[in-house]
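Here are the chains, one letter per residue:
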Amino acid sequence: MLQACLNGARSPREHHHLPVRPEQLATAAAASIGAGATDLHLHPKHPDGTDTVEPHIVAAALRAVRAAVPGTPLGVPTGAWTAPDPQDRITAINGWTLLPDHASVNWHETGADDIARALLDRGIAVEAGIFSGTDAHENFNRSPLRDRVLRVLAIVTDPTHRGARTTATALLERIGDPPAPVLLHGSAAGTWPVLNLALERGLDTRIGLEDTLQLPDGEITSDNAGLVTAAIALREASRG
């Protein structure tokens, strides 16, 4: 599975085609799915580009993207940066009028179990975010919800081209025998080395402007679809 991560917590000042408004997310989603992605992760945003879990903004984003790519699984984040108080995020989740297919929960953050339970109670699948350099894997292994997640997100925060692959390997070892499929991904200069490792190991992965603005050759991508196209080419090459 190749997930397209369309925008992340980035500012629109970082890339001229970073999608913020619902219609921009819809356009980016359609192009990314057309390029070969099979799943989407997007950050609903205020007009100024800041992330939010507020129900009306989540609904607007999901409505637009669903119309553009009907039937494609859609996910959103529930990270602490969207609302610092976990209870505020739970209140927002309970108020969502349109529901994503899945949502990520970062298990190094306070209140992860409660947020995951709120999602599951609403019928929303949970992606368990396990960040390198944190105690997330220990928290997750103790969680009573461990066996109820859709997938495990192995998130490599090492942004270096040289070190990210080693960090990714160590993270996978710490995760051990997961209860669900693993989606492994990196960030910044570490994005492509980690994606290649995921392909080598037959793991799910993702690509998009959330993780990197650069193509494998170092050129700045024109949009999300360009990154997806490059990832598909690497996947095909890895299959010989």
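Description of the structure in this document. In this text the structure is predicted, and so the values were computed from the model without any measurement.

**Notes on the packing of aromatic side chains**
Here is step 1: Here the structure, examined in full by the defined rule, presents one aromatic pair.
Here is step 2: Where Trp107 meets Phe140, the ring centres are 5.2 Å apart and the plane angle is 70 degrees; that geometry is what we call edge-to-face. One end of the pair, Trp107, is in the loop between β4 (102-106) and α4 (112-121); the other, Phe140, is in helix α5 (residues 136-142), and 33 residues separate them in sequence.
Here is step 3: With relative accessibility at 2%, the residue Trp107 sits in the buried group.
Here is step 4: Judged by its relative accessible area of 4%, Phe140 is buried.

**Notes on the pairing of strand β5 (residues 125-131)**
Here is step 1: Counting buried residues in β5 gives six out of seven residues, a clear majority hidden from the surface.
Here is step 2: Where β4 and β5 come together, five bridges link them in parallel fashion. What sits directly across from Ala103, in β5, is Val126.
Here is step 3: Remark: the β4/α4/β5 crossover connection has right-handed handedness.
Here is step 4: As paired strands, β5 and strand β6 (residues 151-155) are joined by five bridges and run parallel to one another. Note on β6: the bridge partner recorded for Ile130 is Ala154.

**Description of the nonpolar core**
Here is step 1: Within the largest apolar cluster, 65 residues are counted, with the highest numbers of intra-cluster contacts made by Trp96, Trp107, Leu119 and Leu184.
Here is step 2: Look past the residues within four positions of Leu119 in its chain and what remains in contact with it is Thr78, Ile93, Trp96, Ala103, Val105, Ile124 and Val126.

**Points about the side chain of Asn139**
Here is step 1: Tracing the backbone shows Asn139 in helix α5.
Here is step 2: Polar side-chain contacts of Asn139 include one of 3.0 Å to the backbone oxygen of Trp107.
Here is step 3: There is a polar contact of 2.8 Å between the side chain of Asn139 and the side chain of Arg142.
Here is step 4: Discounting residues that sit within four places of it in the chain, Asn139 has contacts with Trp107 and His108.

Calculation notes
- Residues numbered from 1 in each chain as written.
- Predicted model: local features only at pLDDT ≥ 70, side-chain atom pairs only at ≥ 80, totals over all residues.
- Heavy atoms only, no water.
- Phe/Tyr/Trp six-rings, centres within 6.5 Å; stacked < 30°, edge-to-face > 60°.
- Helix = DSSP H or I, 4+ residues; strand = E, 2+ residues; numbered from the N terminus.
- Buried < 20%, exposed > 50% of the residue type's maximum accessible area, 1.4 Å probe, protein only.
- Pairing = 2+ DSSP bridges.
- Right-handed = clockwise from strand over helix to strand, strands pointing away.
- Core = buried A, V, L, I, M, F, W, Y, C linked by side-chain atoms within 4.5 Å.
- Contact = heavy atoms within 4.5 Å.
- Polar contact = N/O pair within 3.5 Å; in protein donor to acceptor, adjacent residues only side chain to side chain.

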